[in-house]
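One letter stands for each residue in the lines below.
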Amino acid sequence: MAKKALRNTTTDEDARGAGNVETLLQTISAEYPNLSRQLAKIAVFIERNHEYVGLYKIKDIAERCDVQPSAIIRFAHHFGFKGFSEMQAVFKARLSRRVELENPYRDRIRQVIGTRQTVFGSDEIIQQSTQRSIEELVSLGSEPSLKEIDAVVDRLIGSDKIWIAGMRRSYPVASYLTYALQHIRSDAVQITNTGGMYRSQIRRMAKDDILLLFSYEPYAEETLDIARFAAEQGVAIVAITDSQMSPYAQLAAHLILIKERPTLGFRSLVSSMALAHSIFVAFAYKAELAGEGDSAS
């Protein structure tokens, strides 16, 4: 059977975005559901590794995506470029020194030391970290997916039980939100995986419950497992994550995006904590107006 022709709705102007990486990534994300399997793999790779696309050769990307180099060229053509080099030029214009997320913490510091002529002072690190945090919060405040918050809060109020998940570096965010929500709703439960027992916890999930999760690349397998189980039970999922192409995109009823800005290769939880706090305050306010909080509160 002949394959269905790929629908290309992207214009040169839309894709190139005057050399703006963010505009190109948004265009790729919008087209993602329409891409063939091979082009979708390339889209995911580029979205997750856009800081490095300007450095890779076409064969490097092809190997990492498990496709032929010709597929990379087709991908570039689909988004209005004459070829891979023209598409890569957009990324070369905004190269950064972002360190691989999977690197151990000490290796990240060693790489920073090895690429800098002078030594960072602690005050300089604090200033850089603070500035990146401010940039994150400004970005969060203008994030289009925040339009979902009202609907998320309404679903939290109308749910039978609130489940909250976040593993590894997301754990403290989930812990804080659970602590805050339990002042209003005693049935807010954090899925902790203490003793490797998270599957025993989530067996009690029911279709009128809601799962609110925090998960960023590299996505914790436990959180993914929890999300898949919740989806099977018909539980509404609210995913706070870092990409419209994250593995939660097809599972979540509501997807809220956070764009992190690392300092010396280390990501902070500033935006995640700010969002968790905002969700709680909005929830507490609406719950009080509706008289939905615990009578003992």
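None of these values were measured; they are calculated from a predicted model.

## A short note on the overall build of the protein chain
Per the secondary structure count, the protein chain includes 13 helices and five strands. Taking all 297 residues of the protein chain together, 46% fall into the buried category. Residue pairs at least 24 apart in sequence account for 71% of intrachain contacts in the protein chain once pairs closer than 6 positions are excluded. Surface accessibility of the protein chain: about 15,600 Å² in total, with carbon and sulfur atoms responsible for 52%.

## Comments concerning the pairing of strand β5 (residues 254–257)
Going residue by residue along β5, you find His-254 and Ile-256 tucked away on one face and Leu-255 and Leu-257 tucked away on the opposite face as well. As paired strands, strand β4 (residues 236–241) and β5 are joined by four bridges and run parallel to one another. When the bridges of β5 are listed, Ile-240 appears paired with Ile-256.

## Things to note about the packing of helix α4 (residues 58–65) against helix α5 (residues 69–78)
Here α4 crosses α5 at 100 degrees, and the two axes come no closer than 8 Å. Classed by the angle they form, the pair α4 and α5 counts as roughly perpendicular. Residue-level inspection shows Ile-58, Ile-61 and Ala-62 of α4 in contact with α5, the latter providing Pro-69, Ile-72 and Ile-73. For the contact of α4 with α5, a count of residues per class yields six nonpolar, no polar and no charged.

## Points about the pairing of strand β2 (residues 188–191)
Of the two faces of β2, the one holding Ala-188 and Gln-190 and the one holding Val-189 and Ile-191 are both buried throughout. Of the strand pairs in this sheet, strand β1 (residues 162–165) and β2 are connected by four bridges, and their pairing is parallel. By the bridge assignment for β2, Ile-164 is matched with Gln-190. Between β1 and its parallel partner β2, the chain crosses via helix α10 (residues 171–181), and the hand of that crossover is right-handed.

## Regarding the pattern of salt bridges
Tallied over the entire structure, the rule returns nine salt bridges. The partner of Asp-60 in a salt bridge is Lys-59, with the nearest N and O atoms 3.6 Å apart. Using a relative accessible area of 17% as the deciding quantity, one classes Asp-60 as buried. Note that Arg-228 is salt-bridged to Glu-221, the shortest N-O span being 3.3 Å. Judged by relative accessible area, Arg-228 falls into the partly exposed class, the value being 38%. Here the salt bridges do not stand alone but share partners, grouping Asp-150, Asp-154 and Lys-286 into one network.

## A few points about the packing of helix α8 (residues 122–141) against helix α13 (residues 270–290)
Two numbers describe a pair of packed helices, the interaxial angle and the distance between the axes. One can describe the packing of α8 onto α13 by two numbers: an axis separation of 9 Å at closest approach and a directional angle of 45 degrees. One element, α8, and the other, α13, form an angle in the oblique class. Note on packing geometry: the crossing formed by α8 with α13 is right-handed. Listed contacts from α13 to Ser-133, Glu-136, Leu-137 and Leu-140 of α8 are Val-270, Ser-271, Ala-274 and Leu-275.

So, how was this worked out
Residues numbered from 1 in each chain as written. Predicted model: local features only at pLDDT ≥ 70, side-chain atom pairs only at ≥ 80, totals over all residues. Heavy atoms only, no water. Helix = DSSP H or I, 4+ residues; strand = E, 2+ residues; numbered from the N terminus. Buried < 20%, exposed > 50% of the residue type's maximum accessible area, 1.4 Å probe, protein only. Contact = heavy atoms within 4.5 Å. Areas by Shrake-Rupley, 256 points an atom, 1.4 Å probe, with all protein chains shown as cover. Pairing = 2+ DSSP bridges. Axes fitted to C-alpha atoms, helices over the stretch in contact; angles between N-to-C directions. Parallel < 35°, antiparallel > 145°, perpendicular 65-115°, else oblique. Nonpolar A, V, L, I, M, F, W, Y, C, P; charged D, E, K, R; others polar. Right-handed = clockwise from strand over helix to strand, strands pointing away. Salt bridge = Lys/Arg side-chain N within 4 Å of Asp/Glu carboxyl O. Left-handed = near helix turned anticlockwise from the far one by under 90°.

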